[in-house]
Amino acid sequence: MLSLDQCADQYVLALSPREAIVGLSTRADDADSRLRALARGLPKRRVDLESALAVRPDVVVRYWGGDPRLIAALERRGVRVVTIPEARGFDEVRASIRKVAASLGRGAAGEALVARMDARLAAASGAWKGASAVYLTPSGVTAGPGALVDAVLRAAGMVNAETRPGYHMVSLEQLALDPPRAVVLGFFDTFQLAGDTWGVGRHRVLQRLARERAVASLPGAMLGCPDWGAAEAAALLAAEARR
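Here the structure is a predicted model, which means the values were calculated and not measured.

What counts, and at which threshold
- Residues numbered from 1 in each chain as written.
- Predicted model: local features only at pLDDT ≥ 70, side-chain atom pairs only at ≥ 80, totals over all residues.
- Heavy atoms only, no water.
- Buried < 20%, exposed > 50% of the residue type's maximum accessible area, 1.4 Å probe, protein only.
- Helix = DSSP H or I, 4+ residues; strand = E, 2+ residues; numbered from the N terminus.
- Pairing = 2+ DSSP bridges.
- Right-handed = clockwise from strand over helix to strand, strands pointing away.
- Core = buried A, V, L, I, M, F, W, Y, C linked by side-chain atoms within 4.5 Å.
- Contact = heavy atoms within 4.5 Å.
- Expected span 1.5 Å × (residues − 1).
- Arc of directions from axis to C-beta.

Caption draft 1: Focus on helix H7 (residues 148-155). Most of H7 is tucked away, with seven of its eight residues classed as buried. Backbone geometry just after H7 places Gly 157 at a positive phi near 85°.

So this is what it looks like as structure tokens:
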């Protein structure tokens, strides 16, 4: 099994026997890779045709990694390429787990992973009892219905105050004039690692909201991929409600 990007790494590490993994992405052991501990000692590969063919994978798993020419070249040579789709909710995550597990011949492992995810969601259910909150990242992005993080908020019993579908830039002026009662932060741990690259996150309005209105801060490693990490985020969010 060969993985072409960090999100695919999570699926391969969780579902494939270690001895069957011929390569992970070069970001598999980065600080924001949730299963980085499992990646230690496994080979990292560049995303190019020469590197992929050299290790002779039966299956290549990807989310965004690899351009169309690389994917087509692999498929022409008989390599099965499995692409993980975007997820707007947990039904799509379940489908992706089962899709990748089936491609690896690991159906039982896939069902076990789905069961663990569903157990976390069941434990998180209703924790915030309908409290309203806005999701906010250091880059000034929020999310409404149709985004996986919206499903995270709802799974923990929250009402998402952002009603516009998908992802949007927040208005700093609006936040200053009418600040939300509660904020759920996402990727602020990555912001601290990234230094000054998240320019909007340095603005005093966002800094004040993060300091005064945040009820939870969800790690980027739980939110960056369309996988069961979102259920871990919901569990963490629920735990904050019960503290």
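There is more to say after this.
Caption draft 2: Region of interest: the pairing of strand S2 (residues 59-62). Burial of the side chains of S2 extends over both faces: Val 59 and Val 61 are buried on one face and Val 60 and Arg 62 on the other. The pairing of strand S1 (residues 2-3) with S2 spans two bridges and is classified as parallel. Each residue of the ladder has a partner; that of Ser 3, found in S2, is Val 61. By the bridge criterion, four bridges tie S2 to strand S3 (residues 80-83) in an arrangement that is parallel. Bridging across to S3, Val 59 finds its partner in Arg 80. Between S2 and its parallel partner S3, the chain crosses via helix H4 (residues 68-76), and the hand of that crossover is right-handed.

Caption draft 3: Structural context of the nonpolar core. With 58 residues, the main nonpolar core has Leu 24, Phe 90, Ile 97, Val 100, Met 117 and Leu 237 as its most contacted residues. Among residues more than four places away in sequence, those in contact with Ile 97 are Tyr 11, Leu 15, Gly 110, Leu 113, Val 114, Met 117 and Trp 228. Counting ten residues, the second-largest nonpolar core is a separate cluster that includes Leu 2, Val 55, Val 60 and Ile 71.

Caption draft 4: Expanded view of helix H6 (residues 107-124). Taking 1.5 Å as the rise per residue, H6 with 18 residues should run 26 Å; its terminal C-alpha atoms sit 26 Å apart, in good agreement. Taken together, the buried positions of H6 are occupied by Gly 110, Leu 113, Val 114, Met 117, Leu 121 and Ala 124. The buried residues of H6 occupy one face: seen down the axis, they fall within an arc of 100°. Among the exposed residues of H6, those oriented more than 90 degrees off its buried face are Ala 108 and Ala 122. Contacts made by the buried residues of H6 are with helix H1 (6-15), helix H5 (90-103), H7 and helix H12 (229-241).

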